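Read off the chains here:
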Amino acid sequence: MNHPSTAVVEAPPAIDSTALLATARAAAATQRAAEVAAFVAVADWADAHTDGTVGDPIGPLGIWTEDPRSVPGGDRFLELGGPGAPLVSEFCLYEISAALGRSVTSGRPLVGDAIELRHRLPRLWDRVLAGADPLTQKQALPVWRARKIATLTRTLTREGADFVDRNLAPVAHRATMPTVERLVAEAVARFDPENAELDRADADAGRYFTIETTPVDAASPWTGVVPVHGTLDLADALDLQGAVQRVAADLAAAGCDADLDVRRSMALGELARRQTALDLYGATTAAGATDESTAAADHGGAPVAATRTPARQVVLYVHLNDAAIASHRNGDGPTIDTATGGTGIDLARLDNTRALITADQVRDWCRTPGTQVVVKPVIDLSEHVAVDAYEIPDRIADRVRLDRPTCAFPYCGRPARGLDLDHTRPYRWEAAPGAAQTSTSNLAPLCRGEHRAKTHPSPTGASPPSDDPPGIDPLAEHPPDQRWRYHRDALGTYIWTSPHGLRYAVDSTGTTPLD
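Everything quoted here is computed from the prediction, not taken from an experiment. (Residues numbered from 1 in each chain as written. Predicted model: local features only at pLDDT ≥ 70, side-chain atom pairs only at ≥ 80, totals over all residues. Heavy atoms only, no water.)

## Observations concerning the packing of aromatic side chains
Phase 1: Applying the stated criterion to the full structure yields 13 aromatic pairs.
Phase 2: Plain terms: the ring middles of Phe163 and Phe191 are 5.4 Å apart, the flat faces sit at 55° to each other, and that makes the pair tilted. Placement of Phe163 in helix H6 (residues 158-168) and of Phe191 in helix H7 (residues 177-191) is noted, with a sequence separation of 28 residues between them. Each member of the pair, Phe163 together with Phe191, is buried.
Phase 3: Geometrically, the ring pair formed by Tyr427 and Trp429 is edge-to-face, given 4.9 Å between the ring centres and 65° between the ring planes.
Phase 4: Residue Trp429 is classed as exposed on the basis of its relative accessible area, which comes to 63%. (Phe/Tyr/Trp six-rings, centres within 6.5 Å; stacked < 30°, edge-to-face > 60°. Helix = DSSP H or I, 4+ residues; strand = E, 2+ residues; numbered from the N terminus. Buried < 20%, exposed > 50% of the residue type's maximum accessible area, 1.4 Å probe, protein only.)

Structure follows, in structure tokens:
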């Protein structure tokens, strides 16, 4: 009688996650050096096939005439960079693109980015070159990030490109793309105010709102749902966002168990059914109560709470110099811009979205009928405020978010408004009264996901050495199950340590790897 043989299955070898990280980092460093070498070769190739330079964007009658020496159907020189960059042979794009395994559609912007950086953004170009040496890669500007910057600066004047290059180069490897976009927008406003005004007018004229109800446009008309899309004024969009959030919360409180996205879509329908006229809930009195609530109070009943959405509140932290404020107060218009020597556009920054806007736009928003403008005093960010409670009062939360306007997690640039505020030194419930653990120096804004990553352990965490500052017990501050850890040093920089011991410094200019 034959007995079935028993197969012996060997257990897979143990995986060293720390070694895998080291291998990945070494490969990434090699890849970055290779990317720099390839990018430099593309720039060299383009320089070897150039003729003349791109003219000023505002030429005679606004028209750029082609080179009369060009033969019909033959090679021609293209404007791949901004003003001041050399013209590049069109035919050379096909050869370099093929050599790199790209289509010319992909190779053309690559060559244009290389030309833009080398000839119009020389400081940023030098930061790119630093990536060729593994010893300087930590301070280098990655090629992909440099290309994104070059794409944004291509339409700037020479002076505008130099402004971006000069201000961005020291922190380009850490700056987030929203920061770059704001700097480019500022350069347009400062050095090309006419086009800035035209862009704003074009944007206003291009606003739309579409509900795709026809069978041709609807994604799945038989399902009963249709797509909605549009472009709105920023203030109107913030109003709509707030109204949708409030109604979605009301639906949840009323027992709707749908997820948030579904409730937000339902909220739009609720708003449409409720708000079919300018005021369905009664005119608001000077005291802030509706006519209906006043009538209920007159008859001896409890005042009825108004359900109408309050008037628009433009809550802005506007940063303007004295000259800009005085010029608009006196009706004199914008003053001389010290950066350009000419008449510029007074700028402001909206804290809600960290967007760069004009002072005229702020004035237009505040003049909108029904708008309630709340003026708040200037907050002294150097003042240390602390309370002996876990809950965070508004006076502390506002200071923390103004001092650190973005998420404090490495490489995250999300605006701090609406984010969690985390105690950088964990709150001790057993601490004696008067410890004042909730303070402006012990809080940091974190996105909910990063907050959870910091709070909960990593399943693959190694056991790196502690990097806690002197005087802090690492075992008391951080449980042994490894997770993201951080502390704030004396300069206000957040020092993060990953579950595998990789360290990062996060300050007002961005993130710097420390390993």
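## Quick notes on helix H5 (residues 143-153)
Phase 1: By the burial criterion, the buried members of H5 are Val143, Arg145, Ala146, Ile149, Ala150 and Thr153. The arc that holds every buried residue of H5, seen down its axis, measures 160°, which confines them to one face.
Phase 2: Check the buried side of H5 and you find it contacts helix H1 (17-47), helix H3 (104-120), helix H4 (122-129), H6 and H7. (Arc of directions from axis to C-beta. Contact = heavy atoms within 4.5 Å.)

## Description of the side chain of His423
Phase 1: Examined against the element boundaries, His423 turns out to sit in strand S11 (residues 420-423).
Phase 2: Here His423 falls in the buried class, since its relative accessible area comes to 5%.
Phase 3: A polar contact of 2.9 Å, which involves the side chain of His423, links it to the side chain of Thr438.
Phase 4: Residues in contact with His423, not counting those within four places in the same chain, are Tyr390, Gln437, Thr438, Asn442, Leu443, Lys454 and Tyr486. (Polar contact = N/O pair within 3.5 Å; in protein donor to acceptor, adjacent residues only side chain to side chain.)

## Looking at the nonpolar core
Phase 1: Phe39, Val88, Val111, Leu117, Leu124, Val164 and Leu168 are the most contacted members of the largest nonpolar core, which totals 43 residues.
Phase 2: Mapped onto this core, the elements with two or more residues apiece are H1, helix H2 (90-99), H3, H4, H5, H6 and H7.
Phase 3: Of the residues forming this core, the biggest block, seven residues, is contributed by H7.
Phase 4: Among residues more than four places away in sequence, those in contact with Leu168 are Leu124, Ile149, Ala175, Val180 and Leu183.
Phase 5: With 15 residues, the next largest nonpolar core counts Ala408, Leu419, Trp496 and Tyr504 among its residues. (Core = buried A, V, L, I, M, F, W, Y, C linked by side-chain atoms within 4.5 Å.)

## Some details on the pairing of strand S15 (residues 494-497)
Phase 1: By the alternation rule, side chains of S15 split into Tyr494 and Trp496 and Ile495 and Thr497, which are all buried.
Phase 2: Pairing between strand S14 (residues 485-488) and S15: four bridges, direction antiparallel. Within the sheet, the bridge partner assigned to His487 lies in S15 and is Ile495.
Phase 3: Taken together, the four bridges between S15 and strand S16 (residues 503-507) define a ladder with antiparallel strand orientation. Within S16, the residue paired with Trp496 across the bridge is Tyr504.
Phase 4: Linking S15 back to S16 in an antiparallel pair, the connection comprises five residues, with Gly501 at a positive phi of about 90°. (Pairing = 2+ DSSP bridges.)

## Digging into the packing of H4 against H6
Phase 1: Running from amino to carboxyl end, H4 crosses H6 at an angle of 45°, the nearest separation of the two axes being 7 Å. In terms of orientation, H4 lies oblique with respect to H6. In this structure, H4 contributes Pro122, Arg123 and Leu124 to the contact, and H6 contributes Asp162, Asp165, Arg166 and Leu168.
Phase 2: A breakdown of the residues in the contact of H4 with H6 according to their chemical character gives three nonpolar, no polar and four charged. (Axes fitted to C-alpha atoms, helices over the stretch in contact; angles between N-to-C directions. Parallel < 35°, antiparallel > 145°, perpendicular 65-115°, else oblique. Nonpolar A, V, L, I, M, F, W, Y, C, P; charged D, E, K, R; others polar.)

## Examining the pattern of salt bridges
Phase 1: The full count for this structure, using the stated rule, is 16 salt bridges.
Phase 2: For Asp113, the salt bridge goes to Arg147, with nearest N and O atoms at 2.7 Å. Taken together, the residues Asp113 in helix H3 and Arg147 in helix H5 connect sequence positions 34 residues apart.
Phase 3: Looking at Asp113, the relative accessible area reads 2%, which means it is buried. (Salt bridge = Lys/Arg side-chain N within 4 Å of Asp/Glu carboxyl O.)

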